[in-house]
2 protein chains.
Amino acid sequence: MRIDVAFNGSATGQGDLHDRVVLVIDVLRASTSIAAALGNGARAVVPFAGVDEAMTRARSLDRSEVVLAGERKMVPIPGFDLGNSPRGFTREAVAGKTIVMTTTNGTAALANTAGSAEVLVGAFVNYAAVLARLRAAAREGKSLVIQCAGSHGRFALEDAVCAGRFVRGVARRGIAPELGDAARVAAMIDRRMGGDLAAVLRESEHGRALVDAGFGEDVDDCARLNAHPVVPVYRERQVVPLGLQRRR
Amino acid sequence: MRIDVAFNGSATGQGDLHDRVVLVIDVLRASTSIAAALGNGARAVVPFAGVDEAMTRARSLDRSEVVLAGERKMVPIPGFDLGNSPRGFTREAVAGKTIVMTTTNGTAALANTAGSAEVLVGAFVNYAAVLARLRAAAREGKSLVIQCAGSHGRFALEDAVCAGRFVRGVARRGIAPELGDAARVAAMIDRRMGGDLAAVLRESEHGRALVDAGFGEDVDDCARLNAHPVVPVYRERQVVPLGLQRRR
């Protein structure tokens, strides 16, 4: 099996995905928030590219069962229940609810995974849980594509460090994958720069922008390794915790 | 001033380019071949995305003054004078000629630089010459975008190492640019992996594919630092050596 990493763009650019597991990473902040929401008992996170679509979908659901969440230019959207701060997705706010979410980078990355065998959502906060799932897939011989959301279509350091940590986690103890160029480099980035996660996140371009916009605590929350041990799976246009039946 | 690196995609994805200098890198093999051609006296290299376009353009020129060059899936195109092997662009073959060229990745990267202040073409073979030009621009306060061609829209290690070497070359002795995330990472990639250029090129995915296809000598040629000390500038849809008047 092999591991490919895409630092930006779309997983479909990596070729045929039908027998590959795709891991989507948007550390700051969508995949961290998704893990926080599911870890705190949300039934599902339903990502939408557009604000209007998200609002329309939210209106079609029972108001007591839905939480409308998202950001544009980092700040919460007027009229929404939550922004994109992981700490907003508390058990009180989300348990038993469906989260309708729209974010700048993360939702697009999820949408562009069509045709893959399985799509997972990973971040530092659910690293060990997702890694176990990836290693199980690798042992079955399934190749992996790690798709970083990036920032506005560009390389984002925080996603690359996280991707590299997953590469390193899979490629050890009995599993020796073939690594694409970007997977090799991602592993090196984590090895060289991932020692102090909170620091590397704050030093990244996106992290600095969030700190400047008053979201420094969010950045620190996104560095909390294994704080939300959940495996989010993207199926039929919604993200659910692995093992939980999708609610119809 | 600042330096941004794009590992793949298009320079226009880096935002407004009108006051920025763009350096396009396609080490294996287009930018190396362009430097070889201009270094050996070609008047200009005219890149085309499509084979048919290239042939049409070549027919519109005096046959004795044009060389038709290019590859698809690494091998020379039937009926063309040259493939994309740098060693093919000898003084005998190209001096005084216009090279009409089509390659898989490099020509697209050049096309997507519209609106920038200046577009240069760099590789290891013309590193020092291009670096001098970049440092002059940086001293004038001009920001830089280094656009790697990548491989089929994906990250390519050889271009990232070369981009990182340019970042490191600009960012020293009196010039302290702000570095985007990808520029920081590129510099680290060169520092950690660029010690033996011929080896890193042969170990890259694209390099291995070229070696397997019988182009191992080309890969080694692409690692020959400063073998062709020329500064290729892309202007009005053709690449000319800096300082030479464009032929009309």
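Here the residue index of a chain counts from 1 through its sequence in written order. Chain A is the first chain written and ligand 1 is the first ligand written, with later ones labelled in order. Whole-chain, interface and lining totals are the exception, using all residues; otherwise, since this is a predicted model, local features are given only for residues with pLDDT of at least 70 and side-chain atom pairs are given and counted only at 80 or more. With hydrogens and water excluded, all non-hydrogen atoms of the structure serve as input to the side-chain values.

Asker: Just checking my understanding: could you explain the relation of the copies chain A and chain B for this structure?
Answerer: The operation relating the pair of chain copies consists of a rotation about an axis and a translation along that axis. In the superposition of chain A on chain B (RMSD 0.0 Å, axial shift 0.0 Å), the rotation amounts to 180°. Expressed as a symmetry operation, the mapping of one chain copy onto the other fits a two-fold axis. Taken together, the interface assignments show that 100% of the residues at the interface of chain A recur at the interface of chain B, consistent with an identical surface on both copies. The copies were overlaid with a least-squares fit restricted to C-alpha atoms from residues scoring a pLDDT of at least 70 in each copy. We call two residues contacting when some pair of their heavy atoms lies within 4.5 Å.

Asker: Sorry, what's going on with unusual backbone geometry here?
Answerer: With the exception of glycine, most residues fall at negative phi, and the peptide bonds are largely trans. Residues and elements named next belong to chain A. A cis amide bond links Leu 28 to the next residue, Arg 29, at an omega of 5°. Helix numbers and strand numbers start at the N terminus; a helix is a DSSP run of H or I with at least 4 residues, a strand a run of E with at least 2. Structurally, Arg 29 is set in the loop between β2 (20–25) and α1 (30–39). Phi angles above zero are rare outside glycine, and Arg 237 is one such case at about 65°. Residue position: Arg 237 is located in the loop between β10 (232–235) and β11 (238–241). Think of it in three bands: residues with accessible area under 20% of the maximum for their type are buried, residues over 50% are exposed, and the middle band is partly exposed, with areas taken using a 1.4 Å probe on protein chains only. Given the relative accessible area of 67%, Arg 237 is considered exposed.

Asker: Looking at this model, I keep getting lost on the packing of aromatic side chains. Mind explaining?
Answerer: Here the distance between the centres and the angle between the planes together describe a pair of aromatic rings. Side-chain rings of Phe, Tyr and Trp (the six-membered ring for Trp) are treated as a pair once their centres are within 6.5 Å; stacked means planes under 30 degrees apart, edge-to-face means over 60, and tilted covers the remaining angles. Summed over the entire model, instances satisfying the criterion amount to 7 aromatic pairs over all chains. Here Phe7(A) and Phe7(B) contribute two aromatic rings whose centre-to-centre distance is 6.1 Å and whose plane-to-plane angle is 45°, an arrangement assigned as tilted. Of this pair, Phe7(A) sits in the loop between β1 (2–6) and β2 while Phe7(B) sits in the loop between β1 (2–6) and β2 (20–25), which puts the two residues in different chains. On the basis of relative accessible area, Phe7(B) is assigned to the buried category, the value being 4%. For the pair Phe7(A) and Phe155(B), a centre-to-centre distance of 5.3 Å together with 75° between the ring planes defines the contact as edge-to-face.

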